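# Tertiary structure, described
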Amino acid sequence: QVQLVESGGGSVQAGGSLRLSCVASGDTYISYCMGWFRQYLGKEREGVAAICRGGYADSYADSVKGRFTISQDNAKNTLYLQMNSLKPEDTAMYYCAASQIAGAGLMGGWYKYWGQGTQVTVSS
């Protein structure tokens, strides 16, 4: 079992920045990939960014490339998402997730463990 707790969401104006954090606990060693996903009311969940062990390149949704950066601090069991140049369309609930499948990337269906989410609201 892996427990995930997100933080760092909030309200910001367009062009601003936020950094999301996700602290993992439990059997963290079983996680091959860690990812950030988002979902806005009435829309499907979208993969935002993912980082995987085993030599896989980090994955980003086209909509966030060049603006968002995923990283992790293994010593702290913490996953981060640095979000810069935020746009109103980035408004969503952001979820941290962990997968036991190598190379899961942005495939949400391959992630078994999910956090409760943190809300990000970007105003124009």
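Refer to the preceding data block for the structure.
Here we summarise the structure given alongside this text. (Residues numbered from 1 in each chain as written. Predicted model: local features only at pLDDT ≥ 70, side-chain atom pairs only at ≥ 80, totals over all residues. Heavy atoms only, no water.)

### Topic: the pattern of salt bridges
Under the defined criterion, the tally for this structure stands at 4 salt bridges. In this structure, arginine 38 engages aspartate 90 in a salt bridge whose closest nitrogen and oxygen atoms are separated by 2.9 Å. Of this pair, arginine 38 sits in strand S4 (residues 33-39) while aspartate 90 sits in the loop between strand S8 (78-83) and strand S9 (92-99), and the two are 52 residues apart along the sequence. The exposure classification of arginine 38 matches that of aspartate 90, with both residues buried. Across the pair arginine 67 and aspartate 90 runs a salt bridge, and its minimum N-O distance is 2.7 Å. Here arginine 67 is found in the loop between strand S6 (59-60) and strand S7 (68-73), whereas its partner aspartate 90 is found in the loop between S8 and S9, with 23 residues between them in sequence. Given the relative accessible area of 1%, aspartate 90 is considered buried. Taken together, the shared-partner salt bridges connect Arg38, Glu46, Arg67 and Asp90 into one network. (Salt bridge = Lys/Arg side-chain N within 4 Å of Asp/Glu carboxyl O. Helix = DSSP H or I, 4+ residues; strand = E, 2+ residues; numbered from the N terminus. Buried < 20%, exposed > 50% of the residue type's maximum accessible area, 1.4 Å probe, protein only.)

### What to know about the side chain of threonine 118
By the secondary structure assignment, threonine 118 is in strand S11 (residues 118-123). Separated by 3.1 Å, the side chain of threonine 118 and the backbone nitrogen of glycine 9 make a polar contact. Here threonine 118 is in contact with Glu6, Ser7, Gly8, Gly9, Leu20, Ala92, Met93 and Tyr94, once residues within four sequence places are set aside. (Polar contact = N/O pair within 3.5 Å; in protein donor to acceptor, adjacent residues only side chain to side chain. Contact = heavy atoms within 4.5 Å.)

### A short note on the state of the cysteines
Enumeration over the complete set of coordinates arrives at 2 disulfides. One disulfide bridge connects cysteine 22 with cysteine 96, the sulfur atoms lying 2.1 Å from each other. Every disulfide takes its handedness from the sign of the S-S torsion; for cysteine 22 and cysteine 96 that torsion is -75°, giving left-handed. With cysteine 22 in strand S3 (residues 18-26) and cysteine 96 in strand S9, this pair connects stretches of sequence that are 74 residues apart. Residue cysteine 96 is classed as buried on the basis of its relative accessible area of 0%. With a sulfur-sulfur separation of 2.1 Å, cysteine 33 is cross-linked through a disulfide to cysteine 52. Between cysteine 33 and cysteine 52, the disulfide has an S-S torsion of 115° and is therefore right-handed. Residue cysteine 33 is located in strand S4, and its partner cysteine 52 is located in strand S5 (residues 46-52); the two are separated by 19 residues in the primary sequence. Each disulfide of the protein chain joins two cysteines, and with those cysteines numbered along the sequence the arrangement is 1-4, 2-3. (Disulfide = S-S within 2.5 Å.)

### Description of the side chain of aspartate 90
A polar contact is formed between the side chain of aspartate 90 and the side chain of arginine 38, at a distance of 2.9 Å. Those residues in contact with aspartate 90 that lie beyond four places of it in its chain are Arg38, Arg67, Phe68, Ser85, Val120 and Val122.

### What about the nonpolar core?
Of all hydrophobic cores here, the largest spans 28 residues; its most connected members are Leu4, Trp36, Leu81, Met83 and Tyr94. Taken together, the elements giving at least two residues each to this core come down to strand S1 (2-7), S3, S4, S5, S7, S8, S9 and S11. The residues contacting tyrosine 94, other than those within four sequence positions of it, are Glu6, Leu20, Phe37, Arg38, Val48, Phe68, Leu81, Met83, Gly117, Thr118 and Val120. Residues Cys33, Ala50, Cys52 and Ala97 belong to the second largest nonpolar core, which totals 7 residues. (Core = buried A, V, L, I, M, F, W, Y, C linked by side-chain atoms within 4.5 Å.)

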